[in-house]
Amino acid sequence: MARFLDRIWIRFGLGIAATVLVTMGVMAITSYVYGQLEFERFRESLPDKVRVEFDLLNAHDMEDSPRAVEIYRQYWLGNRWDTDIFALFIDLLVCLPFGLIAGFWTSRMITQPVQSIAEAARRVAVGDFSVRADARNRGGEMTSLVNDFNHMTDALETLERERKSTMAAISHELRTPLAVLQARLHAICDNVIPANPKEFARLLDQVRHLTRLVDDLHTLSVADAGRLSLHRQDINLVALVNDVLSKYASRLAAHGIQAEMTVQGGIPHIQADEDRLHQILNNLIENALQYAESGGWLGIDLQYRNNDIVISVSDAGEGLSEDMHEQVFQRFQRLDPSRNRATGGSGLGLSIVRTLVELQGGQVSIDKSERGGARFIIRLPHD
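Here we summarise the structure given alongside this text. (Residues numbered from 1 in each chain as written. Predicted model: local features only at pLDDT ≥ 70, side-chain atom pairs only at ≥ 80, totals over all residues. Heavy atoms only, no water.)

**Looking at the overall build of the protein**
Which entries qualify depends on this criterion: The helix count covers DSSP runs of H or I at least four residues long, the strand count covers runs of E at least two residues long, and both are numbered beginning at the N terminus. Working definition: with a 1.4 Å probe on protein chains only, accessible area under 20% of the residue-type maximum means buried, over 50% means exposed, and in between means partly exposed. Contact definition: two residues touch when any of their heavy atoms are within 4.5 Å. Residue exposure ignores everything except the shown protein chains as possible cover, and the areas themselves are Shrake-Rupley values with a 1.4 Å probe.
A tally of regular secondary structure across the protein gives 12 helices and 7 strands. Within the protein, the proportion of its 383 residues that are buried is 36%. Residue pairs at least 24 apart in sequence account for 68% of intrachain contacts in the protein once pairs closer than 6 positions are excluded. Split by element, the accessible area of the protein, about 22900 Å² in all, is 57% carbon and sulfur.

**Here's the deal with the pairing of strand S5 (residues 308-315)**
Heads up, the condition is: Note on pairing: DSSP must find at least two bridges between two strands before they are called paired.
With 7 of its 8 residues buried, S5 lies for the most part within the structure. For strand S4 (residues 297-305) and S5, the ladder comprises 8 bridges, and the chain directions are antiparallel. Pairing of Leu302 across the sheet is with Ile311, part of S5. In this structure, the hairpin formed by S4 and S5 is closed by a connection of 2 residues, where Asn306 is found at a positive phi of approximately 55°. Looking at chain direction, S5 and strand S7 (residues 374-381) are connected through 7 bridges and run antiparallel. In the strand pairing of S7, Ser314 is matched with Arg375.

**Regarding a nonpolar patch on the surface**
Inclusion rule: The patches described consist of residues with a relative accessible area above 30% and no salt bridge, like charges being joined within 9 Å and nonpolar side chains (Val, Leu, Ile, Met, Phe, Trp, Tyr) within 5 Å. Salt bridge criterion: a side-chain nitrogen from Lys or Arg within 4 Å of a carboxyl oxygen from Asp or Glu.
On the surface, Ile29, Tyr32, Val33 and Leu37 cluster together to form a nonpolar patch covering roughly 440 Å² of accessible area. Overall, the relative accessible area of 42% leaves Val33 in the partly exposed class.

**Focus: helix H12 (residues 349-359)**
Restricting attention to buried positions, one finds in H12 the residues Leu350, Ser351, Ile352, Val353, Thr355, Leu356 and Val357. Lining the buried residues of H12 we find helix H7 (197-224), helix H10 (274-291), strand S6 (363-368) and S7. Two residues or fewer past H12, Gly361 is found with a positive phi of approximately 80°.

**Some points on the pattern of salt bridges**
According to the stated counting rule, one finds 16 salt bridges in the structure shown. We note a salt bridge from Arg123 to Asp128, for which the minimum N-O separation is 2.7 Å. Looking at Arg123, the relative accessible area reads 43%, which means it is partly exposed. With a closest N to O distance of 2.5 Å, Glu286 and Arg251 form a salt bridge. Residue Glu286 is located in helix H10, and its partner Arg251 is located in helix H9 (residues 249-254); the two are separated by 35 residues in the primary sequence. Under the relative-accessibility criterion, Arg251 is labelled partly exposed at 34%.

Below is the structure:
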């Protein structure tokens, strides 16, 4: 019942009905009072003998008797039609303020949340995302509308904050390698640093870092625009993971990391983008190389569970606190803030992982591995 009464059209209808009832009630009371006053005025105008007779007729409920009608005709001053019009005028004059007050109150109750939204929208339009609309009354469709507007404003404020943070992070990420390139090239031109293959290799590393950063930003921007295309095909995940691990075998060995893969039960083929799956696994392995080298172990587990294919990438590093589990997927977020871009990457790798997984209809999460490090869990639907 309460939800039914919270609907705006029900409230508006009840408000209009209440306004009409109040106006009609005031009109009835005004008509009654005016009629009584007119009756007393007529009664007082009667001669004493006639008044006594008239009161006697009224006492015996004979106010409509021929004699009472005759008294009315003989002693009533003015035309009865004129009196009714005057009474109606009095009724309207008295009822108008009550009707206006009730109508304004009803419209105010209905339109106040809309007005609050309009005022907030004007401020949002000029870039003030801190403003929020006020529903005043709790419950109902208008309150839901105000809440939805406030949620939209929250999202806009979050997006604006992330945009500013991303722009600052991008400029910071680009400025350092460009400054290094400029300084060392100037030094080479001034013959301060010899132009030898070793120095060119250092410069090339900076260019490669810029290229990776630009490629990562391009991937995320195209995904955000909804224009990142997927080339789905039938994929053997076991073979794909073996291929990725074989490509990283030398680097993993150089970092003293032992890699192993476990397959639990039969793993069906999946319809997915092979290149994007390669990119997801590459980024997770790169993350382990940067942050979990001390653990000396990397494990990739495959299993088919609840109509999902689950890929777990675990390490034996220092692990992460629970409050960092969601932050690691934010852009330009490094697991260890003390690391610079030379040792900790650009902070976009895990953001790309989540973007590519969700783009293929999956989910990615993080928890603690059986060896104390981090474990990234990817769930991909099997159609």
